[in-house]
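So the chains spell out like this:
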Amino acid sequence: MIIDETYGEVMIGADCEIFETTILTGPLTIGDGVYIGPYAVVGAPAQHRGSYPCGLESPHRASGVVIRDGACIREFVQVHQGIVRPTIVGEDCLLMAGAHIAHDSQLGAGVTMGSFSILGGFTLIDDAATFGQGVVTHPWTIIGERAMVGLNSSVVKHVQPYAKVAGAPARLLGSNTSKDAALPSDYSEDVLSDSVWERWARLEDQQREAEGLWAWLA
């Protein structure tokens, strides 16, 4: 592997498998039991005008990348540095070949991203959500826990917990009954527990906090 600690330390946990063609740039923390495949790039600078290397004289804003235990990052995946908060890949996530995790995005535990899915900056994806191949998200969108986004979808607004969406732009198709067979096929907020909506509210609070930091930076 190629390690660049010019802008921060690279810490790698126990029992990881990282290919020699992988590029790791700090600040970066990798948990235990993580797989990172050939030609993956983890910790590269954010793709953002006004931050290095766009242009070269711009400040190098690197708020870190965190890869949590058991994540599987396949070949040619890119995970970029956060600008105002760490970019996070949660425990037991599966990022299939060619996926792109933009700056300040955060993925919960057990998220699955299909090949060549692309996140806009500041995307939040909660636990156990699933993307088909080729999904694209608009910056600042929230994908709720156990939601399903169909292949080749363009997500331009929030996707609520346990929802199933698809299309360009993505539209609501019903409940994600593959994650909870007891849900009605037609999506209904009323059948989801208070704890689900409390969790959703915390995600909204996270975004508002990030928006405040972003406004201060701008």
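Residues numbered from 1 in each chain as written. Predicted model: local features only at pLDDT ≥ 70, side-chain atom pairs only at ≥ 80, totals over all residues. Heavy atoms only, no water.

### Comments concerning unusual backbone geometry
The step from Tyr52 to Pro53 runs through a cis peptide bond, and the omega angle for that step is 5°. Mapped onto the elements of the fold, Pro53 is located in the loop between β7 (41-44) and β8 (65-67). Residue Pro169 follows Ala168 across a cis peptide bond; omega there is 0°. Looking at the element boundaries, Pro169 is found in the loop between β22 (163-167) and β23 (170-175). The phi angle at Tyr39 is positive, at roughly 65°, despite the residue not being glycine. Among the structural elements, Tyr39 can be located in the loop between β6 (35-36) and β7. A relative accessible area of 48% means that Tyr39 is categorised as partly exposed. Positive phi outside glycine occurs at Ala128, with the angle close to 60°. Its location among the elements puts Ala128 in the loop between β16 (124-125) and β17 (130-131). (Helix = DSSP H or I, 4+ residues; strand = E, 2+ residues; numbered from the N terminus. Buried < 20%, exposed > 50% of the residue type's maximum accessible area, 1.4 Å probe, protein only.)

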